[in-house]
Structure formats: structure tokens, C-alpha cells
Number of protein chains: 2
Amino acid sequence: MKIGILGYGNLGKGVECAVKSNSDMELSCVFTRRDPSSVKLLTAGVPVYNVADVEKYKNNVDVLIICGGSATDLPKQTPEYAKYFNVIDSFDTHARIPEHFANVYKAAKTANHTALISCGWDPGMFSLARLYANCILPNGSDYTFWGKGVSQGHSDAIRRVPGVKNGKQYTIPMQSALDAVRAGKNPELSTRQKHTRECYVVAEEGADKAKIEKEIKEMPNYFADYDTTVHFISEEELLHNHSGIPHGGFVFRSGKTGWNNEYNNVIEYSLKLDSNPAFTSSVLAAFARAVYRMNKEGQTGCKTVFDVAPAYLSPLSGDEIRAHLL
Amino acid sequence: MKIGILGYGNLGKGVECAVKSNSDMELSCVFTRRDPSSVKLLTAGVPVYNVADVEKYKNNVDVLIICGGSATDLPKQTPEYAKYFNVIDSFDTHARIPEHFANVYKAAKTANHTALISCGWDPGMFSLARLYANCILPNGSDYTFWGKGVSQGHSDAIRRVPGVKNGKQYTIPMQSALDAVRAGKNPELSTRQKHTRECYVVAEEGADKAKIEKEIKEMPNYFADYDTTVHFISEEELLHNHSGIPHGGFVFRSGKTGWNNEYNNVIEYSLKLDSNPAFTSSVLAAFARAVYRMNKEGQTGCKTVFDVAPAYLSPLSGDEIRAHLL
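About the thresholds
Residues numbered from 1 in each chain as written. Chains lettered and ligands numbered in written order. Predicted model: local features only at pLDDT ≥ 70, side-chain atom pairs only at ≥ 80, totals over all residues. Heavy atoms only, no water. Pairing = 2+ DSSP bridges. Helix = DSSP H or I, 4+ residues; strand = E, 2+ residues; numbered from the N terminus. Phe/Tyr/Trp six-rings, centres within 6.5 Å; stacked < 30°, edge-to-face > 60°. Buried < 20%, exposed > 50% of the residue type's maximum accessible area, 1.4 Å probe, protein only. Lys NZ or Arg CZ within 6 Å of the ring centre and 35° of its normal. Axes fitted to C-alpha atoms, helices over the stretch in contact; angles between N-to-C directions. Contact = heavy atoms within 4.5 Å. Salt bridge = Lys/Arg side-chain N within 4 Å of Asp/Glu carboxyl O. Buried area = accessible area lost by both parts, 1.4 Å probe. Polar contact = N/O pair within 3.5 Å; in protein donor to acceptor, adjacent residues only side chain to side chain. Nonpolar A, V, L, I, M, F, W, Y, C, P; charged D, E, K, R; others polar. Least-squares fit on C-alpha atoms with pLDDT ≥ 70 in both.

**Q** Describe the sheet that holds strand β10 (residues 195–203) of chain A, with residues and values.
**A** Residues and elements named next belong to chain A. With respect to topology, 4 strands assemble into an open sheet ordered β8-β9-β10-β11, the strand pairing being mixed. Edge strands, defined here as strands with exactly one partner in the open sheet, are β8 (149–150) and β11 (227–232). In terms of strand pairing, β8 meets strand β9 (residues 164–173) through 2 bridges, oriented antiparallel. Paired with G149 across the two strands is T171, which belongs to β9.

Here's what the structure looks like:
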């Protein structure tokens, strides 16, 4: 199956690595908004084209994996490129999913293409964990925790504070909250009781560190509702110890079974990822296989992870997965 | 949707409870091999029929949930009743799944019915955890641990030892093994390093306890390859403290991403269940909903959990699950 990548940042690079790990896939080409000659791929012999020429290559790609940002790129890109390709994206602005779905559905359906949106780990694998667990335990409570991991949005917010040269923010789930949920205690948890935030900040020379710390800790939406710790460190230390993009998290469903709800049950799904974009793109690659197959079967329009029978994700046959994985 | 139950033991009773928790389902009837007048249901007003009359009621049931045992019941029952009904079972003899699938497929396909086999938590939810994780991380290792929970087979084995009046066996995963896997260390684990076995035994009066303990600990296949602990207790204590059927377990996939496999990732799925049969039957009920819908769409033959798009499991609409669970 021939994979195309649109956008060659962390996520696009991750898709390139994931394609290498899947022997039934090959990377056909990469589309970029930059000057193609300035983009150097890891894979030898794969062409880079300007995104303006995308239509020319529509027969070279079975599934186009769109690696743009959710804020402004994907709402335009996914419906646009669904005209020419089967497409998949990792759109993660939860509140705007219904609108994005409708737009992509229309474009893909009209062109007889198959599109899959909001694929990754949250939304994506965490959504699947929530759906399965809700269907099995209709009588219960959901808990989602994120981390320990780097939040790009919160790191950006730190870097916008006057006097801050660079910074990185870790979201950390509270161990006491995880323990209570895992024990089936069904706690009511405030925002502050679920996560803490830890900031590593490089201050500009002569900056007022107390003022920076106060400004971060009191920032509404981002930090004010959390117990936030601010560590001032050198730029060298930041680059040396905090240049990775790890992430992960936990999805729980705690629910009851039995005639009188006498039995407790806890379902837990968790991820611990050294690289958030490398994992997200591995999920994208697996679902690209499903998109390809569903399109071959005439299942067109827009899909989400909820619409994909798991067998479509595997390179193995039905006989093989029943024999070895069931 | 009208649910029928075939076999009213722990699992059948669990299905009855699960149906009560799903407002789009109603229990239509229960079939038994016993004298129907001797079977007392929890649900008021639901008839119990003898299984010999099953064909008479084929229009009263949308999905028949077959609650027999895997050793001798299900290999006969599921293909037989797939002639008259859409059916679902929890067949769990892993090695015989291909053969069972083929038999059920033939019967269901011929009758234009939809059947789903091997549904529960292992096989079932654990199989799904393995499949998803293998597709996302093709380069990695799988680990499955069971427990802490009661193994019916091992409890039966204890009770067959001469001098044993009653007994219960708990399978317990080794914390050191869980920790190593969770930390991404990819350990090679022997049988002994993965689980321990704890036995609670009521000896007959005057029995030789040392001999019983030796016989249990040296029993091939069941206990010889494990560190086994035997506790002798009174019958009262057994009934009071060990009458439940809790179970659970852990599925891990530990795998690499990145161009040079430089990133570790650990995916973990776990269950902690107060009642094994009540949870298994809750999974059966959710998948019965999918069977009903797939049959309405003309998707006939035999399926497994791998063939079911998750959206089919939910009573909510596509719009609702995208808005609230994605």
C-alpha cells in the first residue's frame, strides 16, 4: 500500500518511521508547504513535492496521512485533500469534531474516497478504551488522566510570559487519584486533585524570577486551577534533560455488575510513550491500512476509530489473527 | 432487542443482570436442560422453556446468548442453535477456536444468521487489546498476566486430590514481573516468574495434610511449574472468605518506535473484576447488540470481536459517540 505524507514535522517524520516498520506499506512521496529541495527525508529515494502540486500525484498514493495542526491546518486540509485521496488525520480539537466530521464526510463521499479523522491516542486509542468500557459497563464512571508528559500548549504558554527565554511543561497525574480510582472508590475529583503541572523555565538574563513564577502560577485556564511547580534551570539543562516529547495517560471505567450492583469492576487502559508524535503516527499508520481496505470494499465517506472493525488494522489474515491473537 | 439465554448457571444469571442494565434490551426467555419448573429466574414474568423446544421460539428471540461450557457444550450447541437464531458464545478453548469458528460459520451462513464466538474477556477484551497493540507497535513483545483471581480449572484439580473436601485456587501475577514489563524492560519470563498459585484447602477429617500439600504442589501442568502455597482452612472459613469468583489480569505490549527504534512504548490493558461471570456476561450483552445490528445489515456468518466495529456495541448514535466519547 502506497502511503503519502502531507506535512513533514514531528508527526510526518513519525509516519515515515512507522511506514518503515510495516512491511506491507511503502512511502510513495511527501508533500510540503516549504521548498521541496529544503526538505531532507530519512528514507532514501522518496520524492518531496510542493503541496500545490498534490493533484498531479493522486494516482501515486493509496492513503494520504495529513500531518497538519488541528487549530488551522486540518479543518481546511482534510476536506480539501479528501477530494483527491483517501485521507487520515489526527484532528484533536474535541469540541470541533462534529463540524470537522461533517465537512470531511461531504468531500470524501462525493469523491468516493474513505477518510478517517481524529486518529491517534486521544482522540483515538483512549476514545476506543472509553467506548468499549462504557458499552460493557453501562453503570459506571469514566476517568481520564494525562501524563506524565509534555503538554505543547502549556509549554507554549510558559514561553509567552515576559522574561521567559525557553520552557517546558509536564502534566503529571496525581498518584493518590490514580490509586483511588484503581481501587474502585469512584472518587469525585476536582481539577486540582487529578493533575499537577511542573514547569522547567529558562529565564532571560536579569529577569525577575519571582514575577515570572507568579505569572505562570496564576495564569487562568492553563495553571491557576492546578498545583504548579516552577523550576528555573539553565538553557543547557533544558536542552539536555527536557528535549524529549514523552507522554501517556490512563483511561479508567469503574462500574458495577450484578443484580443489585453488588460487584465492582475496574477497566484500565494506559500508555507510556517516549515520544508522543512517534506513537501517534504509529496509530495513524495502522488505521491507514484500514482506510485502504475499507475503500477497496466501497466503504466511503468519513469514519472515526469507532467505525473500524479491528481486523482491518492487522496485516494478518482472519485465520491468522483468530489462531494467534484471539 | 429481545435476548434469549440458553443455560442458566453463573454465566446465564450474569447475562440476565446485564440485560437489566441495558435499557434497549429485554429478556425474552431462558432455555434450560433442567426441568423448566425447577428454574427460578431473578426477572419477573420471563418464561423458562426446555431446550428441546427451542425451535418453537425462534421468532421470540433476536439474539440467543449461549451460556454453556467450552469443553463439551459449546462445540455442539453454537453450530446447532445458529440454525435458528443469531447466537453468541464465550468459547474459550484457544487451541480449538479455528475448528469451532468453521463449524459455526457454516451453520450461521446457511441460515442467514449472525454468530459471534469466543466473546468475553480472554478471549475477548484481552484479544482486542493484543490486536490493537500489535498493529500499532509491530516491533514489540506481548505479555499477558492473569489474576489475582479464581481459576475454576485449578480449583477443580485441587478438589480431585484424595483427602480434599473442598478447595479454591487463586492465580496471582508476580509483582516483580509486572513492574519489569511496565518499565519497558522486555524481560524473558519463565512460567514460574509470571504467576504464583495460592490454594485454600479444606481437608477431610483425619486426612494426611502433608501428603495433600505435596500432591498438589507436584501436580504436573497445574502446579509443578509454579511456586504454589497451600493453606489448610476450615470449611466455614472457605465459604465465608473464598466464595466469590473474582478475576482479572493484564495485557501488555512493549514496543519500539522511531527510525532507529530509539523510543520505548508500553501499552497496558487491565481488568479487576469482583465477579468473573458477571463481567463476561456484560461483554456478551454488549456484543449481542452488535450481532443484532450486523444481522440487520446482512452481515451474516461467524464473527469474532475482531470483526465488530466498536460503534455497533453502543446504544448511542454515531453523532453521540463522536461528540461525547471521541
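**Q** I'd like a rundown of the packing of aromatic side chains, residues and numbers included.
**A** With the rule as written, the count across this model stands at 21 aromatic pairs over all chains. Plain terms: the ring middles of F31 of chain B and F85 of chain B are 6.2 Å apart, the flat faces sit at 55° to each other, and that makes the pair tilted. Here F31 of chain B is found in strand β2 (residues 26–32), whereas its partner F85 of chain B is found in the loop between α2 (73–81) and β5 (86–89), with 54 residues between them in sequence. The two residues F31 of chain B and F85 of chain B agree in class, both being buried. Considering the side-chain rings of F250 of chain B and F252 of chain B, the 6.3 Å spacing of their centres and the 10° angle between planes classify their relative orientation as stacked. We note that F250 of chain B, like F252 of chain B, is buried. Through a chain of ring-to-ring contacts, the aromatic side chains of F31, Y49, Y57 and F85 of chain A assemble into a single cluster. One residue, K194 of chain A, lies across the ring of F145 of chain A, its end atom 5.1 Å from the ring centre. Of note, R197 of chain B hangs over the ring of Y226 of chain B, and the distance from its end group to the ring centre comes to 4.1 Å.

**Q** How would you summarise the sheet that holds strand β13 (residues 263–273) of chain A if you had to cite specific residues and measurements?
**A** Strand order in this open sheet of 6 strands is β7(A)-β12(A)-β13(A)-β13(B)-β12(B)-β7(B), and the pairing throughout is antiparallel. Edge positions in the open sheet fall to β7 (140–146) of chain A together with β7 (140–146) of chain B, since each of these has one partner strand only. Taking the axes of each pair of neighbouring strands and ignoring which way they run, one obtains an average angle of 10° across the sheet. Bridge count for β7 of chain A against strand β12 (residues 247–257) of chain A is 7 bridges, and the pairing is antiparallel. The residue of β12 of chain A that forms the bridge with F145 of chain A is F250 of chain A. Strands in contact with helix α6 (residues 175–182) of chain B are β13 of chain A together with β7, β12 (247–257) and β13 (263–273) of chain B; relative to β12 of chain B, the strand with the most contacts, it is inclined by about 30°.

**Q** Let's hear about the pattern of salt bridges: which residues, and what values?
**A** Across all of its chains, the model carries 26 salt bridges over all chains by this definition. Among the salt bridges present, the one from D122 of chain A reaches R130 of chain A, with a minimum N-O distance of 2.8 Å. Given a relative accessible area of 10%, R130 of chain A falls into the buried group. Ionic pairing is found between K217 of chain B and E213 of chain B, a salt bridge with its closest N-O pair at 2.9 Å. In this pair, K217 of chain B and E213 of chain B are both assigned in helix α8 (residues 209–217), 4 residues apart and thus about one turn of the helix distant.

**Q** Outline the interface of chain B and chain A, supporting the account with residue identities and numerical values.
**A** The parts lose accessible area when they come together, and the size of an interface is often stated as this lost area. Of the residues lining the interface, 65 residues belong to chain B; the matching set on chain A comes to 65 residues. Across the chain B to chain A interface the summed buried area is about 5,900 Å²; carbon plus sulfur atoms make up 67%. Counting every contact that joins chain B to chain A gives 0 salt bridges. Our enumeration of links across chain B and chain A arrives at 19 residue pairs in polar contact (both at pLDDT 80 or more). Secondary-structure elements contributing two or more residues to the side of chain B that touches chain A are α1 (10–21), α3 (97–110), α4 (125–136), β13, α10 (276–296) and α11 (318–324) of chain B. The element best represented in the side of chain B that touches chain A is β13 of chain B, accounting for 11 residues. Split by residue class, the side of chain B that touches chain A holds 38 nonpolar, 16 polar and 11 charged. Here 9 bridges tie β13 of chain A to β13 of chain B, and the two strands are oriented antiparallel to one another. If you follow L271 of chain A over to β13 of chain B, its bridge partner there is I267 of chain B.

**Q** Explain the relation of the copies chain B and chain A to me, using residue names and the numbers behind them.
**A** In the superposition of chain B on chain A (RMSD 0.0 Å, axial shift 0.0 Å), the rotation amounts to 180°. The two molecules are tied by a two-fold rotation axis, judged by turn and shift. Within chain B, A309 of chain B has its C-alpha nearest the rotation axis, a separation of 1.9 Å. Here 100% of the interface residues in chain B have copies in chain A that are interface residues too; the copies meet face to matching face.

In short, shape yes, function no, at least from these values alone.
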